[in-house]
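For reference, the chains in residue letters:
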Amino acid sequence: MKQYFLLILVSLSVSTSIFSADIDWSSQFDNFSTIVSAPSDESVKKRIIALLRAKHDTEKLLGRTAIYFSYFDQILHELNLPTDLKYIACLESELMTESSSSAGAIGVWQLMADVKAEFGLRIDGDLDERHDKIRGTEAALKDMKRMFENFNSWDLVLAGYNCGAGKLGAAMKKAHSKEFSKIKKFLPNETQQYLSKFIAFSFVLKNYRQLGLTPELPSLDAQSLIHTKISHTMSFAKLSEITGISKSDLKIFNPQFGKSFIPYCATGCNVYLPRRVMSAFNEYVSAVKDSSDSDFKTSPQVIDEKLPQIEGNPNYFKTTYIVSEGETLEGLAQILDVNKYSVILWNNLRDESLQIGTELTIYLPRIIVKRTQFLLPISNVTAIPNAAPEIK
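Cut-offs applied
Residues numbered from 1 in each chain as written. Predicted model: local features only at pLDDT ≥ 70, side-chain atom pairs only at ≥ 80, totals over all residues. Heavy atoms only, no water. Helix = DSSP H or I, 4+ residues; strand = E, 2+ residues; numbered from the N terminus. Expected span 1.5 Å × (residues − 1). Bend = angle between axes of the 7 residues up to and from the residue. Buried < 20%, exposed > 50% of the residue type's maximum accessible area, 1.4 Å probe, protein only. Axes fitted to C-alpha atoms, helices over the stretch in contact; angles between N-to-C directions. Parallel < 35°, antiparallel > 145°, perpendicular 65-115°, else oblique. Left-handed = near helix turned anticlockwise from the far one by under 90°. Contact = heavy atoms within 4.5 Å. Nonpolar A, V, L, I, M, F, W, Y, C, P; charged D, E, K, R; others polar. pLDDT = per-residue confidence, 0-100. Phe/Tyr/Trp six-rings, centres within 6.5 Å; stacked < 30°, edge-to-face > 60°.

**Let's talk about helix α4 (residues 55-78)**
Argument step 1. In a regular helix each residue adds 1.5 Å, so 24 residues correspond to 34 Å; α4 covers 34 Å between its end C-alpha atoms and thus fits that length.
Argument step 2. If you look at α4, its biggest bend is around 50°, right at Y68.
Argument step 3. Most of α4 sits out of view: 18 of its 24 residues are buried.
Argument step 4. Just past α4, the residue N80 takes up positive phi, approximately 55°.

**Examining the packing of helix α7 (residues 135-151) against helix α8 (residues 154-163)**
Argument step 1. Between α7 and α8, the least distance of the axes is 9 Å, while the angle of their chain directions is 130°. Regarding the angle of α7 to α8, the classification is oblique. In this structure, the crossing between α7 and α8 has a hand that is right-handed. Seen from α7, the contacting residues are A140, D143, M144, M147, F148 and F151; seen from α8, they are W154, L156, V157, G160 and Y161.
Argument step 2. In terms of residue class, the contact of α7 with α8 is built from 9 nonpolar, 1 polar and 1 charged.

**What about the confidence of the model for the protein chain?**
Argument step 1. Scored by pLDDT, the protein chain has a mean of 83; 82% of the residues are at 70 or more.
Argument step 2. Every residue in residues 1-22 scores below 50 in pLDDT, and together they form 42 contacts with partners more than four places removed in sequence or on other chains.
Argument step 3. When the criterion is pLDDT under 50, residues 292-301 qualifies, and its contacts beyond four places in sequence or with other chains add up to 32 contacts.

**Considerations on the environment of Y87**
Argument step 1. With respect to the helices and strands, the residue Y87 is situated in helix α5 (residues 86-93).
Argument step 2. Those residues in contact with Y87 that lie beyond four places of it in its chain are F69, F198, S202, L205 and K206.

**Points about unusual backbone geometry**
Argument step 1. Even without glycine at this site, Q110 takes up a positive phi of about 50°.
Argument step 2. With respect to the element layout, Q110 can be found in the loop between α5 and α6 (115-119).

**Side note on the packing of aromatic side chains**
Argument step 1. All told, the structure shown has 11 aromatic pairs when counted by the stated rule.
Argument step 2. Note on F29 and F203: the rings are 5.6 Å apart at their centroids and 80° apart in plane angle, and the pair reads as edge-to-face. In this pair, F29 sits in helix α2 (residues 26-30) while F203 sits in helix α12 (residues 194-206), placing the two residues 174 residues apart along the sequence.
Argument step 3. Looking at F29, the relative accessible area reads 8%, which means it is buried.
Argument step 4. With a centroid separation of 6.2 Å and an interplanar angle of 80°, the aromatic rings of F236 and F257 are classed as edge-to-face. With F236 in helix α14 (residues 236-243) and F257 in the loop between α15 (247-253) and β3 (261-262), this pair connects stretches of sequence that are 21 residues apart. Each member of the pair, F236 as well as F257, is classed as buried.
Argument step 5. Taken together, Y68, F69, F72, Y87, W109 and Y341 form an aromatic cluster joined through their ring pairs.

Shown next, in the form of structure tokens:
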């Protein structure tokens, strides 16, 4: 986990650096609450200052929420857990898939290898599901759910997630207590500060607009990832040929694969592709099931030239949508088949509420048709396309 936010300028005066004439968020902070007990205001405020000072990194993190938060929300809903738990991944890794710790924790949730036995993740040289957006999230959140069932305290759940259940149990024995404030001094230094960091990240991510931050958005392809399952080995070269997505982007979208191919998975491996190319992949899968010849070739992609393209990006066009009475952001995202969090970031929305007559900027893929000739049957390729996770 990056520690840049710990580099606090101790000499800063809170009164002059937090509550400036330009950005006064004192009222939001005073009324802010989370699932955990609030440590001293000063410790949280210092971490908020650090996140605001590291403006570029924080704005990148805000942009990456468009990739991950829809998946997080869906699984949190399925497990009946508080939605604020998604901010743990933000403070653990800043939502950077390449993050790793000296202790061997990996992925956006910084999972240790022992989750393999506990939650059935596959971890080997070909596939490390700690990097998988769905499988890794399920493991992390199931671990938290189990801890909450034991401790009935989100303070202790966050502490245990950071330092491990063993160290947390030892601290409780020493303190003869289950209250975080009483066991805090027996916990590792990083864990002692963990709740303050969580509150600071939660506050900044929920109030970034009022704090003068502008998310640095990832590519539209990265924002529109949906998943399917593939059970048969397939090289990135073949997947690139089918979809038109470069092998380097396929690797970025699918960091769970250790090599440039999708390995055999009896139950299917999750593969993440931009929504705009999923029809091309499904067309391929449907065709190879019915083919009995011995080769495969594909013709160039065809797009709808009548649709205007975004400058520098021929795959998407920009349009607007006028909000009508009774429409919700969630419903609108489902109708337009876009990521709810992308709509929020594209339009700098304060929250998820929509006002009648509001003109929203929307980015949609230009229609892509993949004309293919299939001559190579792949008997065990299985595709189970999924719409973007429904957010409730």
